[in-house]
Amino acid sequence: MKPKQLIIMVVALAVLAGIALMQRGSGKKRISQTDPGATLFQGLELNTVDGFEVSRGSESVSLTKKAGTWKVESLYDYPADFGRLADALRAASDVKTGSPVRSANVDASEYGLDQAKRVVLKAGGADAAQLDIGTQREASDAAGWANQHFVRKDGSADVYLVDYDFRPFSERPGDWIDKELLNVASSGIVSVKAGDVELKEIEGQWTLAGLNEETEELQTSEAGKLRSALQYLNCSSIADPDRSDEDLGFSDAAVYTASTTNQTITVTVGGEADGGRYVRFSGDVPEKLNGWTYVVSSYKADNFLFSRDKLVKEKEAPPEETGEPSD
């Protein structure tokens, strides 16, 4: 073999070797897209987080840690449901991002990032992490159904496809509070007062004060609604603390008081709200309920407003005797 041919062969082998290395390198890169990688909140210690914001379009919510307690700042500093917040952050912090699906020439609208849901975590009052959550990848026969969303971190150009359901990160303030107010079993109620109505349990019987048993009959199904008014009682929203009693209809409020063997709870019912009524609580209730005005659905609030004529009906008179002899 001539020297010139030998040189050409060596060069060709070197080129082939280089191509093989590039292919192996390219293969590793493709594998890394499915390998575990950085997490959504890589490098952020969640215990240092003292602020949390979610926004999309005109809707937004802001939660802030004040004096050791999380508050929904955009809902009059009402206490946040810390369990929900902690669960959402912990679950998201374990999510792997993998490799970017696009790192340059990104068309934000292609991934829904022009109308993204933005999640911002704060630490020490400063922004510590930011996620822009775009559209959910469409299901397919090959990929099946998954909660995969396109995500951009901290304003970079990199776009990731993240397998996570971001619905817990709601931009609505009311979704970040514990809406359960009370859950007092009806079987535990021994007396109720509401307007001109007073019901008591006497020797195992539910009785109405002042009932004329000869001419009146207690409507037990309606009385049961009064007795169960504090069971599974939730709110739909919180009223602005700066609004006056007159504004909220408490100038002419109705009062409902229920007692068990060891606690007494008073519900003051104000005016009509959007889809419900304004209510306040006092007596033996959880501390978090004191000082706040809630909106309770009309379906539940109406159970505090029974009058006597709803609970009593006249007994039917017995048929008159004709005096004719029987056969």
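Our subject is the structure listed above.
Residues numbered from 1 in each chain as written. Predicted model: local features only at pLDDT ≥ 70, side-chain atom pairs only at ≥ 80, totals over all residues. Heavy atoms only, no water.

(A) Examining the pairing of strand 6 (residues 126–136) more closely. Across seven bridges, strand 5 (residues 117–123) lies against strand 6 in antiparallel orientation. When the bridges of strand 6 are listed, Ala123 appears paired with Ala126. Joining the antiparallel neighbours strand 5 and strand 6 is a turn of two residues, in which Gly124 adopts a positive phi near 65 degrees. Looking at chain direction, strand 6 and strand 7 (residues 148–153) are connected through four bridges and run antiparallel. Counterpart to Asp132 in the pairing with strand 7 is Arg152. (Pairing = 2+ DSSP bridges. Helix = DSSP H or I, 4+ residues; strand = E, 2+ residues; numbered from the N terminus.)

(B) Main features of the pairing of strand 7. By the criterion of burial, strand 7 is predominantly enclosed, with six of the six residues buried. In strand 7, alternate side chains face the same way, and those of Gln148, Phe150 and Arg152 on one face and His149, Val151 and Lys153 on the other are all buried. Across five bridges, strand 7 lies against strand 8 (residues 159–163) in antiparallel orientation. Residue Val151 lies in a different strand from strand 8, and its bridge partner there is Tyr160. Between the antiparallel neighbours strand 7 and strand 8 lie five residues, among them Asp154 with a positive phi of about 50 degrees. (Buried < 20%, exposed > 50% of the residue type's maximum accessible area, 1.4 Å probe, protein only.)

(C) Seen up close, helix 2 (residues 82–93). The end-to-end C-alpha distance of helix 2 is 16 Å, a good match for the 16 Å that twelve residues give at a rise of 1.5 Å each. For helix 2, the complete set of buried residues consists of Leu85, Ala86, Ala88, Leu89, Ala92 and Ser93. All buried residues of helix 2 lie within an arc of 165 degrees about the axis, which places them on one face of the element. Buried residues in helix 2 make contact with strand 1 (49–56), strand 2 (59–66), strand 3 (69–72) and strand 5. (Expected span 1.5 Å × (residues − 1). Arc of directions from axis to C-beta. Contact = heavy atoms within 4.5 Å.)

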